[in-house]
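Okay, here's what each chain looks like letter by letter:
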Amino acid sequence: MKYLHTMVRVTDLEQSLHFYRDLLGLKETRRIENEKGRFTLVFLAPPGQEDAPVELTYNWDPEVYTGGRNFGHLAYEVDDIYEFCDRLQKAGVTINRPPRDGHMAFVRSPDNISIEILQKGGSKPPAEPWASMPNTGAW
């Protein structure tokens, strides 16, 4: 068995690309436009990890997705969780579960997909403003 990809359905492709590509730093590796099926598939992966993509599925006909229809969560490991969360926050992303423990944080995509951010290696020492920041919303 070999892991291939994770798929999430998105309602606004450009908004989702901004989040996954521009804010999270994933790179587009492949795109499929299917006129007959009326959908677009965009595969994005962390640089150097093209074998671990997320597939954004954009159906051209509008649909409202509920939790079970779109997905649970994606997880990415980062070199510096505090710097990464700070960059996301400055870009207007809500840090739903701050990295109080120096190890784990959660944010949400424009389509409410939970994204787990994990510190590479051991946890960083607790630091402000994260250590005392409360959770916001659901994660």
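Reference entry: report on the structure contained in this document. (Residues numbered from 1 in each chain as written. Predicted model: local features only at pLDDT ≥ 70, side-chain atom pairs only at ≥ 80, totals over all residues. Heavy atoms only, no water.)

### Re the layout of surface pockets
Part 1 of the argument: In this structure, the largest pocket occupies an estimated 540 Å³ of space.
Part 2 of the argument: Together, 24 residues line the largest pocket, and Pro 46, Gln 49, Tyr 76, Glu 77 and Val 78 are the ones closest to its centre.
Part 3 of the argument: For the lining of the largest pocket, the secondary structure elements donating two or more residues are strand 5 (73–78) and helix 3 (81–90).
Part 4 of the argument: Examining the composition of the lining of the largest pocket, we find that six residues originate from one element, strand 5, more than from any other.
Part 5 of the argument: When the residues that make up the lining of the largest pocket are grouped by side-chain class, the tally is 14 nonpolar, four polar and six charged. (1 Å grid on protein atoms, 1.4 Å probe; cavity = no way out; pocket = protein on both sides within 12 Å on 5 of 7 lines; lining within 4 Å. Points joined across faces, edges and corners; volume = space filled by probe spheres on them. Helix = DSSP H or I, 4+ residues; strand = E, 2+ residues; numbered from the N terminus. Nonpolar A, V, L, I, M, F, W, Y, C, P; charged D, E, K, R; others polar.)

### Quick notes on the pattern of salt bridges
Part 1 of the argument: Scanning all chains against the criterion turns up nine salt bridges.
Part 2 of the argument: For Arg 21, the salt bridge identified is with Asp 22, shortest N-O distance 3.0 Å.
Part 3 of the argument: Two residues, Asp 61 and Arg 38, come together in a salt bridge whose shortest N-O distance is 2.8 Å. Placement of the pair is Asp 61 in the loop between strand 4 (54–59) and helix 2 (67–70) and Arg 38 in the loop between strand 2 (27–34) and strand 3 (39–45), with a sequence separation of 23 residues.
Part 4 of the argument: The network of salt bridges with shared partners includes Glu 28, Arg 31 and Glu 33. (Salt bridge = Lys/Arg side-chain N within 4 Å of Asp/Glu carboxyl O.)

### As for helix 3
Part 1 of the argument: When helix 3 is considered as a whole, its buried residues turn out to be Ile 81, Tyr 82, Phe 84, Cys 85 and Leu 88. For helix 3, the angular spread of the buried residues around the axis is 165°, confining them to a single face.
Part 2 of the argument: On its buried face, helix 3 sits against helix 1 (13–23), strand 5, strand 6 (95–97), strand 7 (104–108) and strand 8 (114–119).
Part 3 of the argument: Where helix 3 begins, the capping side chain belongs to Asp 80, and its oxygen is found 3.0 Å from the backbone nitrogen of Tyr 82.
Part 4 of the argument: Of the residues flanking the end of helix 3, it is Gly 92, one or two places downstream, whose phi is positive at about 95°. (Buried < 20%, exposed > 50% of the residue type's maximum accessible area, 1.4 Å probe, protein only. Arc of directions from axis to C-beta. Contact = heavy atoms within 4.5 Å. Polar contact = N/O pair within 3.5 Å; in protein donor to acceptor, adjacent residues only side chain to side chain.)

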